[in-house]
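Notes for the structure review
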Amino acid sequence: MKIVLNNAPAPATPDEKQRKLEERRTGIFLTIFMAPILAVLIVSGWGFVVWMWQVFVAGPPTY
Amino acid sequence: MRDLAIRYWRTLTRPSAYYSLGFLVVSGFAAGVIFWGGFNTAMELTNTEQFCIGCHEMRDNVYQEIQPTIHFTNRSGVRAKCSDCHVPKDWTHKMARKMQASKEVWGWIFGTIDTREEFLAKRLELAGREWERMKANDSRECRNCHEFVSMDFTRQSKRAADAHSTALAARVSEGGKTCIDCHKGIAHRLPDMANQ
């Protein structure tokens, strides 16, 4: 049995080629820029919220 | 421009026609592992002594003062570096502390502490913040290394043994004391409290 790693059809028409190009660009953009930036924003946002909570409500951290 | 955005939004929200699910999931997972490793490495970098003394505020003041103390050099070669005492270990509180450091960046940009005199003038306020924090967390950073249950009172001076076996033995909520209540100014010099 022959194992094929990629069973996706090869793009034939110019429209399909364009779609494949856009899929590749979108994927790269998501993994290299969007996801890391979002992750950093979420973590620093959470840190900021906890800090503000300490400043205005809870007082200095007990940990 | 609008058409372009709509086209890419469609690409983003529909299944891929040309890249397999296996490839997308595995590459996303790998990218996630690499990112998280990088994130933690960067986070560790901001915990190093070199990073802390990268600014003159720390290098010229508090870093000079800790050097003659036992927390910097000692017979057994264990050093308590800046982050051991000043950054919480717990993840959420660590992130909060890192965000709090944005205020230190603010102070650096606007030159809040440019001279020794400015530092000395602010010292009581800065030290007071740390004292309050260590009081609130029951001197957790001291206790990361110094454990009450491991103390041998017979090897302490009488004055120390008397204090540790009474005040330190009780919970703060029951009228006891925590390390920082007595041990202020042990790693950096005390503020001038003549006017307090």
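See the structure above.
Residues numbered from 1 in each chain as written. Chains lettered and ligands numbered in written order. Predicted model: local features only at pLDDT ≥ 70, side-chain atom pairs only at ≥ 80, totals over all residues. Heavy atoms only, no water.

Some words on the overall build of chain A
Check the secondary structure of chain A and you find 1 helix and 0 strands. Compactness check: chain A gives a C-alpha radius of gyration of 23 Å against a globular reference of 11 Å for 63 residues, more than 25% above the reference. With the principal axes as the frame, chain A shows a C-alpha extent of 65 × 35 × 15 Å. Counting only residues that meet the buried cut, chain A has 17% of its 63 residues in that class. (Helix = DSSP H or I, 4+ residues; strand = E, 2+ residues; numbered from the N terminus. Rg over C-alpha atoms; globule rule 2.2 N^0.38 Å. Buried < 20%, exposed > 50% of the residue type's maximum accessible area, 1.4 Å probe, protein only.)

Details of the overall build of chain B
What chain B contains, in helices and strands, is 10 helices and 0 strands. Moving toward the C terminus, one meets the helices and strands of chain B in the order α-α-α-α-α-α-α-α-α-α. Against the globule reference of 16 Å for 196 residues, chain B gives a C-alpha radius of gyration of 24 Å, more extended than a compact globule. Across its three principal axes, chain B shows a C-alpha extent of roughly 80 × 40 × 35 Å. Across the 196 residues that make up chain B, the buried fraction comes to 25%. Sequence separation of at least 24 residues holds for 59% of the intrachain contacts in chain B that already meet a minimum separation of 6. Total accessible area on chain B stands at roughly 13400 Å², and carbon and sulfur atoms take up 61% of it. Mean positive and mean negative side-chain charge positions of chain B (28 and 23 charges, respectively) differ by 5 Å. (Contact = heavy atoms within 4.5 Å. Areas by Shrake-Rupley, 256 points an atom, 1.4 Å probe, with all protein chains shown as cover. Lys, Arg positive; Asp, Glu negative; His and termini not counted. Charge placed at Lys NZ, Arg CZ, Asp CG, Glu CD.)

Some words on the interface of chain B and chain A
Taken together, the 31 residues of chain B in the interface contact 31 residues of chain A. Both faces considered, chain B and chain A share a buried interface measuring about 2900 Å² in area, 68% of it formed by carbon and sulfur atoms. Three residues, B:Tyr8, B:Tyr18 and B:Tyr19, lead the burial of chain B against chain A; their summed loss comes to 25% of the area buried on that side. At the junction of chain B with chain A, the criterion picks out 1 salt bridge. Every element with two or more residues in the side of chain B that touches chain A is listed here: α1 (2-13), α2 (21-45), α6 (91-109) and α7 (116-136) of chain B. Residue contributions to the side of chain B that touches chain A peak at 9 residues, all from α6(B). In terms of residue class, the side of chain B that touches chain A is built from 15 nonpolar, 9 polar and 7 charged. (Buried area = accessible area lost by both parts, 1.4 Å probe. Salt bridge = Lys/Arg side-chain N within 4 Å of Asp/Glu carboxyl O. Nonpolar A, V, L, I, M, F, W, Y, C, P; charged D, E, K, R; others polar.)

A look at the pattern of salt bridges
All names here are of chain B. Overall, the coordinates contain 15 salt bridges over all chains when judged by the stated rule. The partner of Glu49 in a salt bridge is Arg79, and the shortest N-O contact between them spans 2.9 Å. Here the residue Glu49 occupies a position in helix α3 (residues 49-52), and Arg79 occupies one in the loop between α4 (56-66) and α5 (82-86), the gap between them amounting to 30 residues. The buried category is assigned to Glu49, whose relative accessible area is 13%.

Overview of the packing of α4(B) against α7(B)
Residues and elements named next belong to chain B. Following both chains from N to C, one finds α4 and α7 inclined at 70°, their axes separated by 10 Å at the closest point. Taken together, the axes of α4 and α7 lie roughly perpendicular to each other. Taken together, the residues of α7 that come into contact with α4 (itself represented by Asp60, Asn61, Val62 and Glu65) are Arg116, Phe119 and Arg123. Here the contact of α4 with α7 is built from residues that sort into 2 nonpolar, 1 polar and 4 charged. (Axes fitted to C-alpha atoms, helices over the stretch in contact; angles between N-to-C directions. Parallel < 35°, antiparallel > 145°, perpendicular 65-115°, else oblique.)

A few points about the packing of α2(B) against α6(B)
Residues and elements named next belong to chain B. The N-to-C vectors of α2 and α6 enclose an angle of 60°; their axes lie 12 Å apart at closest approach. In this structure, α2 meets α6 at a crossing whose hand is left-handed. Every residue of α6 that contacts α2 at Trp36, Met43 and Glu44 is listed here: Trp91, Lys94, Met95 and Lys98. Per-class residue counts for the contact of α2 with α6 are 4 nonpolar, no polar and 3 charged. (Left-handed = near helix turned anticlockwise from the far one by under 90°.)

Regarding unusual backbone geometry
Residues and elements named next belong to chain B. Non-glycine residue Asp138 carries a positive phi angle of around 55°. Here Asp138 shows up in the loop between α7 and α8 (140-143). Of note, the phi angle at Ser139 is positive, near 55°, even though the residue is not glycine. For Ser139, a relative accessible area of 0% corresponds to the buried category.

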